[in-house]
Amino acid sequence: MTPHVVPDPQAENENSGAQRPLGRVVVGDGRAVKAADRAHVFHSWSAQGLIDPLAVAGAEGSYFWDYDGNRYLDFTSGLVYTNIGYQHPRVVAAIQEQAGKLATFAPAFAVDVRSEAARLIAERTPGDLNKIFFTNGGAEAVENAVRMARLHTGRHKVLSAFRSYHGATSTAINLTGDPRRWASDTGSAGVVRFWAPFLYRSPFYAETEEQECARALAHLEDTIAFEGPGTIAAIILETVPGTAGIMTPPPGYLAGVREICDRYGIVFVLDEVMAGFGRTGKWFAAEHFDVVPDLLTFAKGVNSGYVPLGGVAISEKIAATFETRPYPGGLTYSGHPLACAAAVATIHVMEDEKVVENAARVGETVLGPGLRALAERHPSVGEVRGMGVFWALDLVKNRETREPLVPYNASGEANAPMAAFAAAAKKNGLWPFVNMNRTHAVPACNVTDAEIAEGLAALDAALTVADEHTV
């Protein structure tokens, strides 16, 4: 099976409407785009001479396509940020209107669209997180949240989980647990890592979620005791870890961390850069666990990534620290008007089109059950986990031993089984999110049931390739 050829937009408008109409198709000049890319663009996380980026001609809704007319269903949502899909007309129009009105202005001034974006975000964050500090993205949000915590407490250490990703700026990369940290880890950033709960690959020899939760909390308390509670400024956790594996915490764990933080005067930071704005079927994943952090970081889905934007939602007690004391941090483009206009429009779209509700419904009734059905048919699927439109398939060589399909941080020939799986998915018209031994199913929050069915069929075919590597 080959990737879908992009249909004629006029013909698609005349059909039953099962698919969204696609934009004007541009075919034939992809080679020039790729040549310019290879000559001048330096790509992140890549050996420059070993990559072959796809030249993208356009995108709309849940799909994108190349210059040869091959269309792909995007099960990555960009980098898990196009929560309302590509090119939503209301958000595009809002950016255009704002550009004509006030394209940019310095962050020290009160600007209507910046104020409105902050208000709309604060209305949706849990608890008393009513002040919004805007950044350009998630990593900068984490940087500033940690700085606020350190200044608020007068302490320096920050605890983070091994299975985590918090960004690529200096502090954020040191907080990160995955191997992307290794080349930049100074070992002197005041970061202490610990094991968060993950029953499928439990470091605590737990057999139930209750055991995993209790033992993970005991381990965290021990870590704090031996590090010195009075030296720890903050604990930062992804509410639901994203790139590291979409590991939903067991019931009671985040509430337990909240209680520990309160007991020792430690700032509790939840990183919702990936999990926020509908991804888990709630505006913020913290709502699933009935916890309110002191600081909450966001980005990505806040405006579906149309213009770079992130931020920190700040509790009253943290904000009070800087009521008469200047906060020593800022960004030239903080609360950029175009980005804020995109955020305002995105939030209204999500409300009006019930995008958050759709993510919850799809996860519970279509995507989750469909992925579990795939697991029953494919021995390469060790575990299915997730919520909303935030799911992971843990691929294994052997279900009994749970040996990963490829080794940790595999590359080259060692990663061949996952590379073959990804190639098979693309051949069947699906662009997959692949990391380590996992594939993540993270489509747009407004994905349709028909699009999910299409994606599941492509995954079904690709998992047959992964099955060839099981024992």
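Residues numbered from 1 in each chain as written. Predicted model: local features only at pLDDT ≥ 70, side-chain atom pairs only at ≥ 80, totals over all residues. Heavy atoms only, no water.

**Looking at the pairing of strand 2 (residues 56-60)**
Of the pairings in the sheet, the one linking strand 2 to strand 3 (residues 63-66) comprises 4 bridges and is antiparallel in character. Residue pairing across strands places glutamate 60 opposite tyrosine 63, the latter belonging to strand 3. What sits between strand 2 and strand 3 in their antiparallel hairpin is a turn of 2 residues, with glycine 61 showing a positive phi close to 60°. (Pairing = 2+ DSSP bridges. Helix = DSSP H or I, 4+ residues; strand = E, 2+ residues; numbered from the N terminus.)

**Some words on the sheet that holds strand 8 (residues 232-238)**
The strand order across the open sheet formed by 7 strands is 5-11-10-9-8-6-7, and the pairing between neighbours is mixed. Two strands in the sheet have a free side with no partner beyond their single neighbour: strand 5 (131-135) and strand 7 (191-194). Strand-to-strand twist of the sheet, defined as the mean angle between neighbouring strand axes without regard to direction, takes the value 20°. Relative to strand 11 (residues 310-314), strand 10 (residues 295-298) runs antiparallel, the two sharing 4 bridges. Within strand 11, the position partnered with threonine 297 by the bridge is valine 312. Where helix 9 (residues 253-264) meets the sheet, its contacts fall on strand 7, strand 8 and strand 9 (267-271), and the angle it forms with strand 9 comes to roughly 150°. (Axes fitted to C-alpha atoms, helices over the stretch in contact; angles between N-to-C directions. Contact = heavy atoms within 4.5 Å.)

**What about the nonpolar core?**
Phe134, Phe277, Phe298, Leu367 and Leu371 are the most contacted members of the largest nonpolar core, which has 69 residues in total. Top contributing element to this core by residue count: helix 12 (residues 337-352), with 11 residues. Apart from residues no more than four positions distant in its own chain, phenylalanine 134 is found in contact with Arg114, Ala117, Ala118, Ile121, Phe298, Leu309, Gly310, Gly311, Leu331, Ser334, Gly335 and Cys340. Formed by 36 residues, the second largest nonpolar core is a distinct cluster that contains Phe194, Ala216, Leu270 and Ala286. (Core = buried A, V, L, I, M, F, W, Y, C linked by side-chain atoms within 4.5 Å. Buried < 20%, exposed > 50% of the residue type's maximum accessible area, 1.4 Å probe, protein only.)

**Regarding the state of the cysteines**
Applying the stated rule across the entire model yields 0 disulfides. Looking at cysteine 261, it has no disulfide partner, and the nearest cysteine sulfur is the one in cysteine 213, 14 Å off. Residue class for cysteine 261 comes out buried when judged on its relative accessible area of 1%. (Disulfide = S-S within 2.5 Å.)

**Quick notes on helix 15 (residues 449-467)**
Taking 1.5 Å of rise per residue, 19 residues should cover 27 Å, and helix 15 covers 26 Å from first to last C-alpha, within 8% of that figure. Of all the positions in helix 15, only Glu451, Ile452, Glu454, Gly455, Leu456, Ala458, Leu459, Ala462, Leu463, Ala466 and Asp467 are classed as buried. (Expected span 1.5 Å × (residues − 1).)

**Let's talk about the pattern of salt bridges**
Inspection of the entire model under this criterion finds 23 salt bridges. Here aspartate 185 makes a salt bridge to arginine 181, at a shortest N to O gap of 2.7 Å. Using a relative accessible area of 28% as the deciding quantity, one classes aspartate 185 as partly exposed. (Salt bridge = Lys/Arg side-chain N within 4 Å of Asp/Glu carboxyl O.)

**Details of the environment of cysteine 213**
Inspection of the secondary structure puts cysteine 213 in helix 8 (residues 209-227). Take cysteine 213: its relative accessible area is 9%, and that puts it in the buried class. C-alpha separation for the pair cysteine 213 and tyrosine 253, spaced 40 residues apart in sequence, amounts to 5.5 Å. Setting aside residues no more than four positions away along its own chain, cysteine 213 makes contact with Pro250, Pro251, Gly252 and Tyr253.

**Thoughts on the packing of aromatic side chains**
A complete count under the given rule lists 12 aromatic pairs for this structure. Where phenylalanine 105 meets phenylalanine 109, the ring centres are 4.9 Å apart and the plane angle is 85°; that geometry is what we call edge-to-face. Looking at phenylalanine 105, the relative accessible area reads 37%, which means it is partly exposed. For phenylalanine 109, a relative accessible area of 48% gives the class partly exposed. (Phe/Tyr/Trp six-rings, centres within 6.5 Å; stacked < 30°, edge-to-face > 60°.)

**Considering the environment of valine 273**
Mapped onto the elements, valine 273 comes out in the loop between strand 9 and helix 10 (286-289). Sequence spacing of valine 273 and histidine 469 is 196 residues, and the spatial spacing of their C-alpha atoms is 34 Å. The residues touching valine 273, leaving out its near neighbours within four places in the chain, are Gly138, Thr297, Phe298, Ala299 and Lys300.

**Examining the confidence of the model for the chain**
Interpreting fine coordinate detail is not advised for predicted regions of low pLDDT. In this model, the chain carries an average pLDDT of 94, and 94% of its residues clear a pLDDT of 70 or more. Below a pLDDT of 50 lies the segment residues 1-25, which in the model reaches 51 contacts outside its immediate sequence neighbourhood of four places, other chains included. (pLDDT = per-residue confidence, 0-100.)

**With respect to the packing of helix 5 (residues 112-124) against helix 12**
The geometry of helix 5 relative to helix 12 is characterised by a closest axis approach of 8 Å and an angle of 40° between their N-to-C directions. Looking at the two axes, helix 5 sits oblique to helix 12. In terms of crossing hand, the pair formed by helix 5 and helix 12 is left-handed. When helix 5 is examined against helix 12, the residues Val113, Arg114, Glu116, Ala117, Leu120, Ile121 and Arg124 are found in contact with a partner set consisting of Pro337, Cys340, Ala341, Ala343, Val344, Ile347, His348 and Glu351. Here the contact of helix 5 with helix 12 is composed, by residue class, of 10 nonpolar, 1 polar and 4 charged. (Parallel < 35°, antiparallel > 145°, perpendicular 65-115°, else oblique. Left-handed = near helix turned anticlockwise from the far one by under 90°. Nonpolar A, V, L, I, M, F, W, Y, C, P; charged D, E, K, R; others polar.)

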